[in-house]
Amino acid sequence: MLAAVLTSFRQSVIFVCYHFRLLCIKLVLHRKTIYEKAFLCGRKAIGTLVIRDLTRKITSKLFLVNKIMATNRTGAAQRPNGATQGKICQFKLVLLGESAVGKSSLVLRFVKGQFHEYQESTIGAAFLTQTICLDDTTVKFEIWDTAGQERYHSLAPMYYRGAQAAIVVYDITNQDTFGRAKTWVKELQRQASPTIVIALAGNKQDLANKRMVEYEEAQTYADENGLLFMETSAKTAMNVNDIFLAIAKKLPKNEQTSGQGGSAQGRRLAEGDAGAKAPGNCCK
Amino acid sequence: MDEEYDCIVLGTGLKECILSGMLSVSGKKVLHVDRNKYYGGESASICPLEELFSKFAAAPPDESYGRGRDWNVDLIPKFLMANGSLVKLLIHTGVTRYLEFKSVEGSYVYKGGKIAKVPVDQKEALASDLMGVFEKRRFRNFLVYVQDFQADDPKTWKDFDPNTQNMQALYEKYSLDKNTQDFTGHALALHRDDSYLNRPAIETVNRIKLYSESLARYGKSPYLYPMYGLGELPQGFARLSAIYGGTYMLDKPIDEIVLGEGGRVVGVRSGNEIAKCKQVYCDPTYVPDKVHKKGKVIRCICLLDHPIANTKDALSTQIIIPQKQVGRSSDIYVSVVSYTHQVAAKGWFIAMVSTTVETDNPEVEIKPGLDLLGTIRQKFVSVSDYFEPTDDGLQSQIFISQSYDATTHFETTCLDVLDIFKRGTGEEFDFSKIKHELGDEEQ
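Note that this is a predicted model, so its numbers are computed, not measured.

## Topic: the domain arrangement of chain B
Partitioning chain B into domains gives domain 1 (4–43 + 231–292 + 389–441), domain 2 (57–105 + 293–386) and domain 3 (119–218). A C-alpha centroid distance of 37 Å is found between domain 1 of chain B and domain 3 of chain B.

Shown next as structure tokens:
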């Protein structure tokens, strides 16, 4: 009984948080237009300053809410002050999918909590990391974005190499991208490690009124192929953390698989590595 | 494809990929095209093994070779000097994050029909069986001189001007005999022939320093080799280029390089599509009329199911056969990598014997190298022409790289790339441009 009350209480908290967030987003977007207007009028009005102050407060709240939601999502087992003493597992995760389905947006939302309506085609940052705490384990994702190389079927084999997880993304408002997603899944099954964890993400869920790919259709396909499946929205953040979390849970966390960046295989080169040489080799 | 670019790069060999990366990082709009449907051109690693066998028109491999997908066989053998220019490029551009390396386990030199470990420090010099007792002491003194040598501090030159006096003179100063000179010049300084003896000594001294500094970085040997083969290198730089906005198209035949007024390049045509550009960067195979043949390189890929004798069962090694030891005028190189680098199935080794061709019967020329390998399960021989561009490209704005030479490391590769970049852009590559951005990117 108590548990049920608690659960419903938690759910309502999440509900409230979620809507508060949406409100904040609206306000933030609104702020931009106010700025623009003020700029156009050439008015350095005190009023806008106040508004800016206000919005800043709201944005910081927004950030907090984000955090609360994140902790809520990571599951009840995690203690608020949870010192993550457990082991750290690092995984290479690759994103795949047709151009403009929102691969970079998903990562940006997951890693930085940001969303840009007019996200440029991927330039600059295509190698991001983010950690998730899972009970006693810290899962570190090394996330590889395609850097646009998928556009003319020019993704290098290196991209799949050693990937332990993949998110194949399609756009729920575009049937073709779902077809392409299936091709990417086949490509992964052919090229990547046989133990790779694949998740299918139907992105742009916020545009569900323009939906062209039915939820059930994708779910059936995912079930048939043993994929994780969620519809996501990088814009509203819906299911973004969840899909990464689901992958983190499914990944094997024994010692062998966590050696990605480590010395189990080869070594990564870094500047000033000279100091890192093994003492045994030093014969001076 | 029908767009306008600053630069179009043709071919995805290592040199072209590094150039493409550097150009994109410098803010240029780059289109990078390859006629093949895979990255790497000549610097690709062939996977699966069946593909390698069919490339050389051999009967398919039997089951003893394990899974074909476990193989990544390089067509051109090379190692990275741990402190060399390619490693610097990799680190400065951040491409190193996409790659993992292993240290090559041993570096050997051939003398009188046998191989011996290349001595690099004083301790090893004294223990080496390459030299007699008195010669060891002289060689040790020479090594100390090189170690203390600072190009910008004449006090360390010890009454010898390395900028005007030649290497022969430096050898004579330390009374090193012909044998010692041979392995110093060829196995430490990695010269391909003896012409260095008459050039200023500074060049060789710096090369020996590079060797010992490289050795100091990761131990065992000065060489590094990337996991999954050398084909990973061009892919890594291509990714860098893509991250900075470069557009990639594989499997795209190039039918014409379109020239405009004064023979200047204006675009590249593929079928009915024309991509406009101000510059073209390419390998010799895309412009056969703008390159000339300078020589030939023979490379022999040998698949072995055992390590090389007398290398302490090393899983990777390099053996240099100095020219004089076998009566030649250019060295023979043997490089060995194995399953530990994920380039072969469990238990397998890939040895590559290569040299600059000097006669009409190149296969006979590499025999001393093959003889070191023991039983060879499968052998693939290729003789390729070595091309150089006929001009510097400033007039036509078509900048052509040289073919890959017989050296076993990437130093000449990097020199060529940096030189092309300078000719094409009129400036040296600014490493600081990229480091700043990388700082932002890391979480």
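Additional details are given in the paragraphs that follow.
## Quick word on the side chain of Gln-181 of chain B
Mapping Gln-181 of chain B onto the fold places it in helix 7 (residues 178–188). Apart from the residues lying within four places of it in its own chain, the contact partners of Gln-181 of chain B are Gln-168, Tyr-171, Leu-176, Tyr-196 and Leu-197 of chain B.

## Brief notes about empty space enclosed by the protein
Residues and elements named next belong to chain B. All chains considered together, the criterion is met by six cavities of 30 Å³ or more. Approximately 90 Å³ is the volume attributed to the largest cavity. Taken together, Asn-72, Val-73, Asp-74, Pro-77, Lys-78, Phe-79, Tyr-225, Ser-335, Val-337, Val-343, Ile-350 and Met-352 make up the full set of residues lining the largest cavity. Listed by contribution, the elements that provide at least two residues to the lining of the largest cavity are strand 4 (73–74), strand 16 (332–338) and strand 17 (349–356). Taken as a whole, the second largest cavity holds about 70 Å³ of empty space. If you trace the second largest cavity, you find it lined by Leu-14, Ser-43, Ala-44, Asp-74, Leu-75, Ile-76, Lys-78, Leu-230, Leu-233, Pro-234, Tyr-404 and Phe-410. Partitioned by chemical class, the residues of the lining of the second largest cavity number nine nonpolar, one polar and two charged. Looking at which domains feed residues into the lining of the second largest cavity, each of domain 1 (4–43 + 231–292 + 389–441) and domain 2 (57–105 + 293–386) supplies at least three.

## So, the sheet that holds strand 18 (residues 378–389) of chain B
All names here are of chain B. Strand order in this open sheet of seven strands is 8-7-15-16-17-14-18, and the pairing throughout is mixed. A strand with exactly one partner marks an edge of an open sheet, and here the two such strands are strand 8 (114–117) and strand 18. For this sheet the average axis-to-axis angle between neighbouring strands, irrespective of direction, equals 25 degrees. Summarising the sheet, strand 15 (residues 317–321) and strand 16 pair through five bridges and their orientation is antiparallel.

## Thoughts on the packing of helix 7 of chain B against helix 8 (residues 201–218) of chain B
Residue and element names in this part refer to chain B. Running from N to C, helix 7 and helix 8 point in directions that differ by 65 degrees, and their axes come no closer than 9 Å. Taken together, the axes of helix 7 and helix 8 lie roughly perpendicular to each other. Seen along the crossing, helix 7 lies across helix 8 with a hand that is left-handed. When helix 7 is examined against helix 8, the residues Thr-184, Ala-187 and Leu-188 are found in contact with a partner set consisting of Arg-207, Ile-208 and Tyr-211. Of the residues belonging to the contact of helix 7 with helix 8, the class tally is four nonpolar, one polar and one charged.

What counts and how
Residues numbered from 1 in each chain as written. Chains lettered and ligands numbered in written order. Predicted model: local features only at pLDDT ≥ 70, side-chain atom pairs only at ≥ 80, totals over all residues. Heavy atoms only, no water. Domains from an automatic or database assignment. Helix = DSSP H or I, 4+ residues; strand = E, 2+ residues; numbered from the N terminus. Contact = heavy atoms within 4.5 Å. 1 Å grid on protein atoms, 1.4 Å probe; cavity = no way out; pocket = protein on both sides within 12 Å on 5 of 7 lines; lining within 4 Å. Points joined across faces, edges and corners; volume = space filled by probe spheres on them. Nonpolar A, V, L, I, M, F, W, Y, C, P; charged D, E, K, R; others polar. Pairing = 2+ DSSP bridges. Axes fitted to C-alpha atoms, helices over the stretch in contact; angles between N-to-C directions. Parallel < 35°, antiparallel > 145°, perpendicular 65-115°, else oblique. Left-handed = near helix turned anticlockwise from the far one by under 90°.

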